[in-house]
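Architecture and fold: a report
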Amino acid sequence: MMLRKVLGKGSVQVVVLLVMALNLIPLIIAFSTSLRDPSNNTNPLVLFREMSFASYKAAFDRMHFPEALWNSVVLTGVSVVFVVLFAAMAAYPMARLKTKLSKFMYLFFLSGLVVPAQMVLIPIVQMINALHIPTNQYTPIFMFITCSLPFSTFLYTGFIRSGVPEEVEEAAHIDGAGLFQRFWTVVFPLLIPVTVSVIITQGVWIWNDYFFNMIFISSAGDSPLPLAMLGFLGDQQNPTQWNVLFAACFLCALPLLLAFLFLQKYFIGGMTVGAVKG
């Protein structure tokens with residue numbers, strides 16, 4: 001029996017290591033390729049034979065990185081702020097009220113998880129044109145907020161039900177706090193773990209989104225990082241410079257990696273409480 005347990009644990013570890021290797025090998029090849037000069041087209045499987053940041057400099061200049069980074073920060077930041085506010089306020093009554101209406105609204109929000117946004121994209125575009133809404137860097141924010149609310153509301157509802165005791169609110173109510181005051185001063189500060197989870201899960205998606213930005217943003221000056229990378233795609237006359245393209249990919253991913261390193265402990269706690277117990 002002990003031998004079987006040891007062999008079982010060993011096989012699990014081997015499988016885990018194989019999965020890690022399958023995920024890390026492409027990243028290592030891409031990172032090694034990004035550290036080459038743009039003109040170096042030797043075999044990419046020969047790793048780290050050159051350590052040059054010329055491809056990063058070329059990517060930084062060609063994609064106008066500071067401007068594209070600012071556009072991505074504005075687009076993601078504004079969207080995430082409204083998602084957090086709307087989802088938290090919508091989840092609070094659904095988590096506390098024990099009525100048929102609150103159950104219906106909870107199921108209504110959850111139904112948004114099974115409806116792809118691409119299915120209703122054409123009517124939305126027609127509505128935006130009919131309302132004469134300008135297509136700029138702020139137009140995709142409406143889509144990001146709408147598509148993020150179902151999952152975010154689900155997380156907030158589960159977290160409030162299991163992680164925020166009602167006795168705390170009752171004590172504040174006895175002290176004379178009103179409904180909005182109880183929510184903003186008592187409940188909302190306790191939602192930090194799940195709020196960070198929402199920021200990371202939805203922020204990563206919004207930051208990396210290409211589809212909605214391509215549909216609604218028409219000006220090159222308003223392009224966020226995913227659209228700015230379009231300039232690196234080549235054609236038959238001008239082949240793609242893979243060294244520069246990989247460097248641009250790592251430049252786009254760097255802000256997200258820094259944010260995750262700073263918020264990872266809140267992220268793990270919020271996802272566990274909000275999704276599993278909810």
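Preceding block: the structure.
Report on the accompanying structure. Being a predicted model, the structure only gives us computed values, none of them experimental.

Concerning the overall build of the protein chain
Regarding its fold elements, the protein chain presents 12 helices and 0 strands. For the protein chain, the succession of helices and strands along the chain, N to C, is α-α-α-α-α-α-α-α-α-α-α-α. The buried share among the 278 residues of the protein chain stands at 36%. Residue pairs in contact within the protein chain that sit at least 24 positions apart in sequence constitute 75% of those at least 6 positions apart. As presented, the protein chain carries roughly 16600 Å² of accessible surface, and 72% of it is formed by carbon and sulfur atoms.

Some thoughts on the pattern of salt bridges
A complete count under the given rule lists 1 salt bridge for this structure. One salt bridge connects D61 with K57, and the closest N-O pair in it is separated by 3.2 Å. Linking D61 with K57, this pair stays in helix α2 (residues 54-62), spanning 4 residues, or about one helical turn. Residue classification places D61 among the partly exposed residues on the basis of a relative accessible area of 40%.

Remarks on the nonpolar core
A general trend in soluble globular proteins is that nonpolar side chains are found buried together. Membership of the largest hydrophobic core comes to 31 residues, with the highest contact counts inside it found for Y156, L191, F212 and F216. Elements represented by at least two residues in this core include exactly α3 (65-96), α5 (121-130), α6 (139-163), α8 (179-187), α9 (192-208) and α10 (211-216). Ignoring any residue separated from it by four or fewer positions in sequence, one finds F212 in contact with A117, L121, P140, M143, F144, C147 and W205. Counting residues in each nonpolar core, the second largest holds 17 residues, with Y56, M63, F65 and C252 among its members.

A short note on the state of the cysteines
Enumeration according to the criterion identifies 0 disulfides in this entry. Considering cysteine sulfurs only, C252 is the nearest to C249, which forms no disulfide, with 6.6 Å between them. Overall, the relative accessible area of 9% leaves C252 in the buried class.

Section: the packing of α3 against α9
Running from amino to carboxyl end, α3 crosses α9 at an angle of 140°, the nearest separation of the two axes being 9 Å. For the element pair α3 / α9, the angle class is oblique. α3 and α9 meet at a crossing whose hand is right-handed. Together, L69, S72, V73, L75, T76, S79, V80, V83 and V84 of α3 and T195, V198, I199, G203, I206 and W207 of α9 make up the contact between the two elements. Here the residues of the contact of α3 with α9 sort into 10 nonpolar, 5 polar and no charged.

Parameters and conventions
Residues numbered from 1 in each chain as written. Predicted model: local features only at pLDDT ≥ 70, side-chain atom pairs only at ≥ 80, totals over all residues. Heavy atoms only, no water. Helix = DSSP H or I, 4+ residues; strand = E, 2+ residues; numbered from the N terminus. Buried < 20%, exposed > 50% of the residue type's maximum accessible area, 1.4 Å probe, protein only. Contact = heavy atoms within 4.5 Å. Areas by Shrake-Rupley, 256 points an atom, 1.4 Å probe, with all protein chains shown as cover. Salt bridge = Lys/Arg side-chain N within 4 Å of Asp/Glu carboxyl O. Core = buried A, V, L, I, M, F, W, Y, C linked by side-chain atoms within 4.5 Å. Disulfide = S-S within 2.5 Å. Axes fitted to C-alpha atoms, helices over the stretch in contact; angles between N-to-C directions. Parallel < 35°, antiparallel > 145°, perpendicular 65-115°, else oblique. Left-handed = near helix turned anticlockwise from the far one by under 90°. Nonpolar A, V, L, I, M, F, W, Y, C, P; charged D, E, K, R; others polar.

Interpretation note: all reported values are geometric properties and have no functional meaning in isolation.
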